[in-house]
Amino acid sequence: MASEALSNGQGRTGLISTRYIMAMLGSIGLAIIYGFKVNVSIAIISMVNHTALNNGSSNSSVGLEDGPFVWDNKMRGLIHSMYFTGYLISMIPSGIVAEKISAKWVMNIAVLLNAVASICSPVAAHISPAAFAAMRLIQGLGGGASFPAMHVMIAKWAPPKERNVIGSIIYAGTALGTVISILLTGLIAADMGWEAVFYIEGGLCFIWFTVWWIAIADSPADQRRFISAQERSYILSSLGNSESRHEKETSRIPLRQIFSSMPFIAILVAHFCSNCGWYMLLTQLPTYMNEVLHFDLKTNAGLSSLPFFCMWLFTLILSYVLTKLQGAGVITLTFSRKIGTLFASVVPMICLVIVSYVGNALGAVALMTIGVTCIGGMYCGFLANHIDIAPNFAGTLVAITNAVATIPGIVMPNVVGYLTSSKDPDEKLFAWKMIFFATAVFYVIEIIVYWIFGTAKEQPWNKTDSSHPQAVPLGRNDD
Ligand SMILES: *[C@@H]1O[C@H](CO)[C@@H](O)[C@H](O)[C@H]1NC(C)=O
């Protein structure tokens with residue numbers, strides 16, 4: 001069925017069906033948000049005065065051009081942590097607003113906040129580091145809102161059998177945005193200066209903002225333009241009663257049932273453990289390469305964007321293959337969620353274990369690339385799984401697991417920094433090995449828990465208002 005829908009375009013108007021236009025625009029939207037997530041860490045290299053920070057000694061050996069700001073490591077760490085702070089603050093409220101009011105607008109505002117804060121960043125930087133950090137906070141607020149909003153969009157727009165492909169197109173945008181941002185930011189900063197980075201990247205967003213605003217509605221039921229009647233009824237009927245009722249006010253969030261649901265706990269554990277590995281590969285492995293292997297990945301834009309490019313490709317290919325297999329009746333949806341999760345956990349786990357035995361930088365880069373590539377499996381694994389078990393609460397569920405999964409991103413750099421602070425190279429190497437092995441243990445937990453408890457079946461608490469009429473909150477319209 002799904003393969004038919006893909007190949008002969010069931011419910012298609014014109015060249016391409018509206019749900020795939022939504023998916024591509026959503027993908028670009030997430031690419032923008034993730035682009036802003038990484039661009040400051042690159043732009044800041046040309047913003048600070050390295051000479052002043054090195055107490056006046058020349059930095060010609062490092063080969064870095066000086067910028068106007070004397071911001072030391074601590075200050076830069078603070079600026080980076082402001083993004084995470086905003087990210088955590090907005091996540092759960094925006095998930096609820098996306099479900100109850102409008103996911104389309106949550107996404108639009110998320111991108112708008114990022115664009116406006118970007119354009120204001122150069123001025124803010126000249127005012128004070130605190131003002132610049134405030135811009136990062138605002139961008140983080142938008143970043144935190146983007147995942148829950150897009151989860152709700154997928155729940156409303158994707159027929160269950162196409163959820164893998166549509167979800168993967170959208171989430172692969174995070175990888176693509178990271179690649180483009182690393183390359184573009186480096187280029188703009190080198191050719192036109194760091195201020196242009198913020199103006200150009202911010203300005204480009206307004207194109208997306210306008211198109212998304214005009215072309216896309218919250219759900220196929222609300223979409224009045226650019227959609228055929230066949231496609232609308234195809235999507236709505238494939239989603240069954242729970243979606244086609246077109247009600248914006250879902251019932252009260254059944255928190256007790258959510259937290260006692262093993263399929264949800266399995267996703268929560270998988271998301272948390274997976275992020276431990278993700279931050280390890282992404283932020284700590286480059287530190288290891290730098291400190292132990294004496295190789296600076298950050299200065300090489302091509303090499304540092306390569307893993308994300310491979311991840312983008314892998315995400316799309318894997319989701320396509322799994323959808324085909326599912327369509328042919330070879331595997332179930334639950335099984336394809338487990339396969340995706342397995343790729344995203346087993347392969348990076350092996351890479352982390354091997355990397356502690358590889359003494360050269362190129363080997364480490366290769367292992368990092370393979371690991372990050374396969375982490376792309378999570379998009380058709382446990383991440384899309386939130387929507388399967390409870391499409392009515394997709395935004396809230398992903399907000400909860402993502403909030404918990406942000407903890408390793410905050411804790412890990414500090415723990416690793418503390419453990420590897422030894423001056424003795426042998427002790428340092430030993431500490432790094434222990435850290436890599438500890439991360440592998442998190443992956444083992446993920447694999448076991450998700451394999452046993454993960455499921456793609458819709459859970460009974462997804463439809464609380466029909467089963468518990470007394471739990472209906474005030475203000476529900478009685479249709
Ligand atoms: C960087 O700092 C050094 C030493 O404090 C100073 O001489 C130089 O002019 C500064 N460069 C810029 C671009 O501000």
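This text follows the structure it describes.
Residues numbered from 1 in each chain as written. Predicted model: local features only at pLDDT ≥ 70, side-chain atom pairs only at ≥ 80, totals over all residues. Heavy atoms only, no water.

## Here's the deal with the overall build of the protein
Note the threshold: Numbering of helices and strands runs from the N terminus; a helix is a DSSP stretch of H or I covering at least four residues, while a strand is a stretch of E covering at least two. Relative accessible area decides the class of each residue, using a 1.4 Å probe on protein chains only: under 20% of the type maximum gives buried, over 50% gives exposed, and in between gives partly exposed. Throughout, a residue-residue contact means that at least one pair of heavy atoms, one from each residue, lies within 4.5 Å. Surface exposure here means Shrake-Rupley accessible area, sampled with a 1.4 Å probe, where a residue is shielded only by the protein chains that are shown.
For the protein, the helix and strand inventory stands at 19 helices and zero strands. Put simply, the protein has 479 residues, and 54% of those count as buried. Across the protein, contacts joining residues at least 24 apart in sequence account for 82% of those joining residues at least 6 apart. Total accessible area on the protein is roughly 19600 Å²; 68% of this is exposed by carbon and sulfur atoms.

## Digging into the packing of aromatic side chains
The geometry of an aromatic ring pair is captured by two quantities: the separation of the ring centres and the angle between the planes. How we decide: Each Phe, Tyr or Trp ring, with Trp reduced to its six-membered ring, pairs with another whose centre is within 6.5 Å; inter-plane angles below 30 degrees give stacked pairs, above 60 give edge-to-face pairs, and intermediate values give tilted ones. For a lysine, the NZ atom is tested; for an arginine, the CZ atom; a charge sits over a ring if that atom is within 6 Å of the ring centre and within 35 degrees of the ring normal.
One pass over the structure, following the stated rule, counts 23 aromatic pairs. Between the NZ or CZ atom of K37 and the centre of the ring of Y87, over which it lies, the distance is 4.9 Å. Positioned over the ring face of W451 is K338, at 5.4 Å from the centre of the ring.

## Notes on helix α16 (residues 382-389)
α16 sits mainly inside the fold: eight of its eight residues count as buried. For α16, every residue scored as buried is listed here: F382, L383, A384, N385, H386, I387, D388 and I389. Tucked into the core, α16 has its buried residues touching α6 (129-157), α7 (163-192), α12 (262-291), α14 (333-355), α17 (394-419) and α18 (425-453).

## Observations regarding the environment of F264
Structurally, F264 is set in helix α12. F264 gets classed as buried once you look at its relative accessible area, which sits at 0%. The sequence separation of F264 and F453 amounts to 189 residues, and the corresponding C-alpha distance is 8.7 Å.

## Re the site of the ligand
In plain terms, the rule: Think of it this way: one heavy atom of a residue within 4 Å of a molecule or strand is enough to make that residue near it. Here a polar contact means two N or O atoms within 3.5 Å. Within protein one must be a hydrogen donor candidate and the other an acceptor candidate, and residues neighboring in sequence count only if both atoms are side-chain atoms.
The immediate surroundings of the ligand are formed by N49, A52 and G67. At 2.4 Å, a side-chain N or O of N49 approaches an oxygen atom of the ligand. Protein contacts shield 40% of the accessible area of the ligand, which totals 370 Å² for the unbound molecule.

## Focus on the nonpolar core
Applicable threshold: Think of a nonpolar core as a cluster: buried Ala, Val, Leu, Ile, Met, Phe, Trp, Tyr and Cys residues, connected wherever their side-chain atoms sit within 4.5 Å. Residue ranges assigned to each domain were obtained from an automatic or database domain assignment.
Among the nonpolar cores identified, the biggest contains 102 residues, and M22, M107, M150 and W212 are the most heavily contacted of them. Among the elements that take part in this core, α12 stands out by supplying 12 residues, more than any other. Taken domain by domain, this core gets at least three of its residues from each of domain 1 (16-240) and domain 2 (255-479). If sequence neighbours within four positions are ignored, M150 has contacts with M22, G26, L30, M107, I170, Y171 and W212. Among the nonpolar cores identified, the runner-up in size contains 17 residues, and A43, M47, V48 and V197 belong to it.

By themselves, these observations are geometric and do not establish any function.
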